[in-house]
Amino acid sequence: MTTLVVCVDRDGGLADEPVVGWEAVRALVTDVGIDDPGDSRVNSMLEALKVARDLRDENEPAEVAVVSGAGDAVRADRAVARGLDDIVERLNPDSAVVVVASAEAERLVPIVESRLRVDAVDRVVVRQSHDIESTYYLLKQFLADEELRSTVLVPLGATMLAFPVLLLLADSVALAVAAVVAALGVFLLYKGLGVDDVVAEIPGTVREAFYSGQVSLVTYVVGAGLALVGAFVGAVAANAASDAGVFLSAMRFVFEAVPWLTTAALAASTGRLADELLADEGVRSALLNLPFGVAAVGLVVRGFAAYFLERGGEIGVARIPELTLGPVTVAAFPLGGLERLALFVFASLVVSVGGVVFASYVAGREIPADLQSP
């Protein structure tokens, strides 16, 4: 009666094909151990060799093998199943002892049971991982990593310092806990969204813009100032309309701030376009269309905000003044909410289509051969 001592692995990377035999498994242990001495699968393969040796010492025929699967869960499990079928066909064992080193690998036991009688499942636990010495070295390695220290220890220490201060100032445990949790949430979003990487690149970008004389640096500053003005004007208007409700106050903010914000975006995009025009690489069509797209979006947003404000009684009906073009005179007339909204939407479509046509025209132009420099 032959017993198959099989070490199963679900993480992949051990071998593409099943490894069968004492010498083959021992060679695999050496290769994996040299590549990564801390790999727990080395211990599981050594355990498989030990179990096979003990069975042979008891005069019981035993074969040792290693089966590994890679990829997602389905591919890994099917790879292990194919490897087991190959081993069973070659060795025809009567039973199996399954050696696993993790909970992930233990999920493969039912696959072995569907092909062989499993007499035992040997779960390998590395003894050193439970020792105080191992914990000490893990902490020492953690403290030696500057990035981990700044990411974990600094926020933890700041939280522990801020919590008692907030308790003294706020005199409320709930308020102090809320403030600390909010600060931690902001930090996690700051790190998770990669804002820190963007912030770290800002000084270099600004320095490069100064040295290269980019126009966009000035327009970005102008755009930021216009955006602040727009936010201030919108906030003042929303505060004045606070009695009308939250929705109408928000629409008032949008209605008053959108012209400033649109102008800010136009300033920034125009500076970027100027930099592209001054460069030698040419201008991308998407960048050519950007100012037109910004203007079109601003018109649509302001039109919808005006419609809601007029229906809410916050602003009056728009009136088109009297126009005189030579012998033709157009009398003044009012524009209702829907008419004004339709006018804004039509204007945005005209601007958007004009931007596409302009970008296509500029991008499609070619320099004649006789004007190109030799």
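Remember, it's a predicted structure, so these values are computed and weren't measured experimentally. (Residues numbered from 1 in each chain as written. Predicted model: local features only at pLDDT ≥ 70, side-chain atom pairs only at ≥ 80, totals over all residues. Heavy atoms only, no water.)

Peer 1: Help me out: how do you make sense of the overall build of the chain in this one?
Peer 2: Secondary structure summary: the chain contains 13 helices and nine strands in total. Scored against the burial criterion, the 374 residues of the chain give a buried share of 30%. Contacts in the chain between residues far apart in sequence, at least 24 positions, make up 63% of those at least 6 positions apart. Accessible surface for the chain amounts to roughly 23500 Å². Of this, 63% is attributable to carbon and sulfur atoms. (Helix = DSSP H or I, 4+ residues; strand = E, 2+ residues; numbered from the N terminus. Buried < 20%, exposed > 50% of the residue type's maximum accessible area, 1.4 Å probe, protein only. Contact = heavy atoms within 4.5 Å. Areas by Shrake-Rupley, 256 points an atom, 1.4 Å probe, with all protein chains shown as cover.)

Peer 1: Would you mind going over helix α8 (residues 173-192) with me for this structure?
Peer 2: Relative to the 28 Å expected for 20 residues at 1.5 Å per residue, α8 spans 28 Å between its end C-alpha atoms, a close match to the ideal helical length. A positive phi of about 75 degrees marks G194, the residue just after α8. (Expected span 1.5 Å × (residues − 1).)

Peer 1: Looking at this structure, I do not really get the UniProt feature "transmembrane region" (unreviewed entry) in the chain. What am I missing?
Peer 2: The feature "transmembrane region" (unreviewed entry), as annotated in UniProt, sits at residues 165-190, 217-241, 253-274, 286-309 and 341-363 in this numbering. Between the C-alpha atoms that bound residues 217-241 the distance is 36 Å, and the span itself is 96% helix and 0% strand. Annotated as 100% helix and 0% strand, the span residues 253-274 places its first and last C-alpha atoms 31 Å apart. (UniProt positions renumbered as here; feature names shortened; annotations may be inferred.)

Peer 1: Explain the nonpolar core to me, please; I cannot follow it from the model alone.
Peer 2: Among the nonpolar cores identified, the biggest contains 21 residues, and V5, V25, M45 and V66 are the most heavily contacted of them. Those elements that place two or more of their residues in this core are β1 (3-9), α1 (22-35), α2 (40-57), β3 (62-68) and β4 (95-100). Looking at this core element by element, the count peaks at seven residues for α2. In this structure, V6, V80, V98 and V109 belong to the second largest nonpolar core, which totals 19 residues. (Core = buried A, V, L, I, M, F, W, Y, C linked by side-chain atoms within 4.5 Å.)

Peer 1: What should I look at first to understand the sheet that holds β4 in this one?
Peer 2: In a beta sheet, neighbouring strands pair by backbone hydrogen bonds and run either parallel or antiparallel. Taken together, five strands build an open sheet; the order of strands is β2-β3-β1-β4-β5 and the sheet is mixed. A single partner strand is all that each edge strand has here, and the edge strands are β2 (19-20) and β5 (117-123). Bridging between β4 and β5 involves six bridges; their strand directions are parallel. Along β5, the bridge assignment pairs V99 with D122. Where α1 meets the sheet, its contacts fall on β2 and β3, and the angle it forms with β3 comes to roughly 45 degrees. (Pairing = 2+ DSSP bridges. Axes fitted to C-alpha atoms, helices over the stretch in contact; angles between N-to-C directions.)

Peer 1: I'm lost on the side chain of T3 in this one. Help?
Peer 2: Mapped onto the fold, T3 is located in strand β1. Within polar-contact distance, the side chain of T3 engages the side chain of E60 at 2.8 Å. Once residues lying within four places of it in the same chain are set aside, the contact partners of T3 are L55, E60, P61, A62, E63, S95, A96 and V97. (Polar contact = N/O pair within 3.5 Å; in protein donor to acceptor, adjacent residues only side chain to side chain.)

Peer 1: Could you clarify how one ought to interpret the packing of α1 against α2 in this entry?
Peer 2: If you want to describe how two helices pack, look at the angle between their axes and the distance between the axes. For the pair α1 and α2, interaxial distance at closest approach is 9 Å and the crossing angle is 155 degrees. Put simply, α1 runs roughly antiparallel to α2. The crossing of α1 and α2 is left-handed. Counting all contacts with α1, which are made through W22, V25, R26, L28, V29, V32 and G33, the residues of α2 involved are V42, M45, L46, L49, A52, R53 and R56. (Parallel < 35°, antiparallel > 145°, perpendicular 65-115°, else oblique. Left-handed = near helix turned anticlockwise from the far one by under 90°.)

Peer 1: Looking at this structure, I do not really get the layout of surface pockets. What am I missing?
Peer 2: The probe, sized like a water molecule, is rolled over the atoms to show the empty space still left. Each pocket or cavity is described by its volume, and for the largest pocket that value is around 250 Å³. Around the largest pocket sit 17 residues that line it, and A15, D16, S68, G69 and A79 are the ones nearest its centre. Among the secondary structure elements, those contributing two or more residues to the lining of the largest pocket are β3 and α3 (73-91). At four residues, the largest contribution of residues to the lining of the largest pocket is made by α3. For the lining of the largest pocket, the residue count by class is eight nonpolar, five polar and four charged. (1 Å grid on protein atoms, 1.4 Å probe; cavity = no way out; pocket = protein on both sides within 12 Å on 5 of 7 lines; lining within 4 Å. Points joined across faces, edges and corners; volume = space filled by probe spheres on them. Nonpolar A, V, L, I, M, F, W, Y, C, P; charged D, E, K, R; others polar.)

Peer 1: Can you help me understand the pattern of salt bridges in this one?
Peer 2: For side chains of opposite charge, pairing can occur when their charged atoms come near one another. Per the stated rule, a full pass over the model turns up eleven salt bridges. With its nearest N and O atoms 2.6 Å apart, the salt bridge here joins E310 to R340. One end of the pair, E310, is in helix α12 (residues 285-311); the other, R340, is in helix α13 (residues 337-364), and 30 residues separate them in sequence. Each member of the pair E310 and R340 is classed as buried. Each of K50, R53 and D54 takes part in a single network of salt bridges with overlapping partners. (Salt bridge = Lys/Arg side-chain N within 4 Å of Asp/Glu carboxyl O.)

Peer 1: What am I meant to see in the packing of aromatic side chains here?
Peer 2: In this description, an aromatic ring pair is defined by two values, namely the gap between the centres and the angle between the planes. This model, assessed by the stated rule, comprises two aromatic pairs. Measuring from ring centre to ring centre gives 5.3 Å for F247 and F308, while their planes differ by 80 degrees; the resulting arrangement is edge-to-face. Residue F247 is located in helix α11 (residues 246-278), and its partner F308 is located in helix α12; the two are separated by 61 residues in the primary sequence. Ring geometry for Y307 against F308: centres 5.7 Å apart, planes inclined by 65 degrees, an arrangement best described as edge-to-face. Owing to a relative accessible area of 17%, Y307 belongs among the buried residues under this scheme. The structure contains a cluster of three or more aromatic residues connected by ring pairs, namely F247, Y307 and F308. The ring of F255 has R302 lying over it, and the distance from NZ or CZ to the ring centre is 3.9 Å. (Phe/Tyr/Trp six-rings, centres within 6.5 Å; stacked < 30°, edge-to-face > 60°. Lys NZ or Arg CZ within 6 Å of the ring centre and 35° of its normal.)

Peer 1: Teacher, can you tell me more about the environment of V51 here?
Peer 2: For V51, the position within the fold is in helix α2. Separated by eleven residues in the primary sequence, V51 and A62 have C-alpha atoms spaced 8.9 Å apart. In this structure V51 touches V5, V97 and D122, once residues within four positions along its chain are discounted.

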